[in-house]
Amino acid sequence: GVPNGNSIASLVSSCAKAGDALSAGWWLSSMEASGLSPDVGIYSCVLDVCAKVNDTAQAKLVYRAMHRKGIRPNIVTYASLARALAHSGDWREVEALACQMKKDGQAMNDYFLYALLLAYATGKPRQPLRAEQAFRDALNLAVPMNGHVFSALQRAVGRTKGQQLIEESKKIGRASCRERV
């Protein structure tokens, strides 16, 4: 039979699990070409696979295409795009994305915070002061903290400073039970 939105969504999801950004993008394009309307979940899934394979250029194209269609991003969309940008150290773009996310009324979560800290850690040069401020801001916003966040923080600010900040977060009760440091 003719594929519907759900079957194509399943195929995109399978591509994401396999780390196949090319096929995920192809299925997204074929969905659009067949007159079906991908939703924010489909776009987020394709962005996620782009982040997994460090394909920043494709992630930007997918994000722009989503905007052209008038589809509003959600926190998963923002976090997936941020992670794709973070791997290339593009902290300025991740910061701009954080501003856009805030304007759109989306609250930061631990996935986005991880991506932001990772961007600071992989930036050339590294951005330890920005990372520390972002971490403190996230603490004030009660963003959940976990081992991934702590690991990215330590990469960005150094192990000693990172450990100090982590201890501070524990004192104010922001570290989650998922912590693995």
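Residues numbered from 1 in each chain as written. Predicted model: local features only at pLDDT ≥ 70, side-chain atom pairs only at ≥ 80, totals over all residues. Heavy atoms only, no water.

Draft legend 1. Summary view of the confidence of the model for the protein. Mean pLDDT for the protein: 89, with 93% of residues reaching 70 or above. For residues 177-181, every residue scores under 50 in pLDDT, and the model assigns this stretch 14 contacts once sequence neighbours within four places are set aside. (pLDDT = per-residue confidence, 0-100. Contact = heavy atoms within 4.5 Å.)

Draft legend 2. Seen up close, the side chain of serine 80. Position of serine 80 among the secondary structure elements: in helix H5 (residues 75-87). Looking at serine 80, the relative accessible area reads 5%, which means it is buried. Beyond its immediate stretch of four places on either side in the chain, serine 80 contacts Ser44, Leu47, Asp48 and Ala51. (Helix = DSSP H or I, 4+ residues; strand = E, 2+ residues; numbered from the N terminus. Buried < 20%, exposed > 50% of the residue type's maximum accessible area, 1.4 Å probe, protein only.)

Draft legend 3. Up close: the side chain of glutamate 132. Position of glutamate 132 relative to the elements: it lies in helix H8 (residues 128-140). Of the residues examined, glutamate 132 reaches a relative accessible area of 17% and is grouped as buried. For glutamate 132, the residues in contact, after removing those within four places along its chain, are Val157, Lys161 and Leu165.

Draft legend 4. Representation of the packing of helix H9 (residues 147-157) against helix H10 (residues 159-171). Direction vectors running N to C along H9 and H10 enclose 140°, while the axes themselves pass 7 Å from each other. Overall, the two elements H9 and H10 adopt an arrangement that is oblique. Our pair here, H9 against H10, has a crossing hand that is right-handed. Contact residues: H9 offers Phe150, Leu153, Gln154 and Val157, while H10 offers Arg159, Lys161, Gly162, Gln163, Leu165, Ile166 and Ser169. Residue classes in the contact of H9 with H10 are distributed as five nonpolar, four polar and two charged. (Axes fitted to C-alpha atoms, helices over the stretch in contact; angles between N-to-C directions. Parallel < 35°, antiparallel > 145°, perpendicular 65-115°, else oblique. Left-handed = near helix turned anticlockwise from the far one by under 90°. Nonpolar A, V, L, I, M, F, W, Y, C, P; charged D, E, K, R; others polar.)

Draft legend 5. Broad picture of the nonpolar core. Counting residues in each nonpolar core, the largest one holds 59 residues, and the members touching the most others are Leu97, Phe112, Leu117, Tyr120, Phe135 and Met145. Per-element tally for this core: the top contributor is helix H7 (residues 110-122), with nine residues. What leucine 117 contacts, discounting residues up to four positions off in sequence, is Ala131, Ala134, Phe135, Val149, Ala152, Leu153 and Ala156. (Core = buried A, V, L, I, M, F, W, Y, C linked by side-chain atoms within 4.5 Å.)

Draft legend 6. Representation of the pattern of salt bridges in the model. Within this structure, the stated rule accounts for eight salt bridges. Across the salt bridge formed by arginine 136 and glutamate 132, the nearest N and O atoms sit 3.0 Å from each other. Of this pair, arginine 136 and glutamate 132 both sit in helix H8, four residues apart, which is roughly one turn of that helix. Here arginine 136 makes a salt bridge to glutamate 168, at a shortest N to O gap of 2.8 Å. With a gap of 32 residues between them, arginine 136 in helix H8 and glutamate 168 in helix H10 connect regions that are remote in the sequence. For arginine 136, a relative accessible area of 27% gives the class partly exposed. On the basis of relative accessibility, which here comes to 26%, the residue glutamate 168 falls in the partly exposed class. Because the salt bridges share partners, they merge into one network encompassing Glu132, Arg136, Lys161 and Glu168. (Salt bridge = Lys/Arg side-chain N within 4 Å of Asp/Glu carboxyl O.)

Draft legend 7. Broad picture of the environment of tyrosine 120. By secondary structure assignment, the location of tyrosine 120 is in helix H7. You can call tyrosine 120 buried: its relative accessible area is 3%. Note: C-alpha distance between tyrosine 120 and alanine 86 (34 residues apart in sequence) is 7.7 Å. Ignoring anything within four residues of it in the chain, the contact list for tyrosine 120 reads Trp91, Glu95, Arg126, Gln127, Arg130, Ala131, Ala134 and Ala156.

Draft legend 8. Spatial organisation of the packing of helix H3 (residues 40-52) against H5. Interaxial distance between H3 and H5 falls to 8 Å at its minimum, and their mutual angle equals 20°. It follows from the interaxial angle that H3 and H5 lie roughly parallel. Between H3 and H5 lies a crossing of left-handed hand. Between H3 and H5, the contacting residues are Val40, Ser44, Leu47, Asp48, Ala51 and Lys52 on the first element and Val76, Thr77, Ser80, Leu81, Arg83, Ala84 and His87 on the second. When the residues that make up the contact of H3 with H5 are grouped by side-chain class, the tally is six nonpolar, four polar and three charged.

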